[in-house]
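# Inside the fold
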Amino acid sequence: MPLYDRIVTVDVGPPGGTGFRVERLRVEFEVKKNPTKKLNTASIKIYNLAPTTRGKIKQSSDIAILRAGYAQDTGLQLLAKGSITRVLHEKRSPDFVTHLDLSDGAL
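What comes next concerns the included structure. Model, not experiment: these values are computed from the prediction. (Residues numbered from 1 in each chain as written. Predicted model: local features only at pLDDT ≥ 70, side-chain atom pairs only at ≥ 80, totals over all residues. Heavy atoms only, no water.)

## Examining the nonpolar core
One recurring pattern in soluble globular proteins is that nonpolar side chains are buried together. Counting residues in hydrophobic clusters, the biggest one holds 19 residues, and the most contacted among them are Val10, Val12, Ile44, Ile46, Ile57, Ile84 and Leu100. Breaking this core down by element, the ones donating at least two residues are strand S1 (6–13), strand S2 (20–22), strand S4 (41–47), strand S5 (63–70), strand S6 (77–92) and strand S7 (95–103). (Core = buried A, V, L, I, M, F, W, Y, C linked by side-chain atoms within 4.5 Å. Buried < 20%, exposed > 50% of the residue type's maximum accessible area, 1.4 Å probe, protein only. Helix = DSSP H or I, 4+ residues; strand = E, 2+ residues; numbered from the N terminus.)

## Some remarks on the sheet that holds S2
The sheet built from seven strands is open, its strands ordered S2-S1-S5-S6-S7-S4-S3 with antiparallel pairing. Strands at the two margins of the open sheet, each flanked by one partner only, are S2 and strand S3 (27–32). Shown here is a sheet whose adjacent strand axes are inclined to one another by a mean of 30°, direction ignored. Bridging between S6 and S7 involves nine bridges; their strand directions are antiparallel. Paired with histidine 89 across the bridge in S7 is threonine 98. (Pairing = 2+ DSSP bridges. Axes fitted to C-alpha atoms, helices over the stretch in contact; angles between N-to-C directions.)

## Some details on the side chain of threonine 98
Mapping threonine 98 onto the fold places it in strand S7. A polar contact of 3.1 Å, which involves the side chain of threonine 98, links it to the side chain of histidine 89. Leaving out residues up to four positions away in the same chain, threonine 98 has contacts with Ile44, Lys45, Ile46, Leu49, Arg54, Ile57, Leu88 and His89. (Polar contact = N/O pair within 3.5 Å; in protein donor to acceptor, adjacent residues only side chain to side chain. Contact = heavy atoms within 4.5 Å.)

This is the structure:
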């Protein structure tokens, strides 16, 4: 399968509440699934969120859901869902990078 036409979405918001979806932006991620009783974790970097959107992300009171797939497929696959344990907004000229760390056992 070609490595183009990839789609990534990140939904962020309070559990059971109204949040927002990030799509059509550059997103990098790493998901670590743990076969033991340790928590699964994910690290997500989102590039160039609007300042108002960056301000909506709250640490430890929000959850994030990461999905990815290909444009020609019918649906995106759930890769990670968890509580946000750390938020960091970094100016990496010319970009702003929002770092989210997730833990799935903290829901």
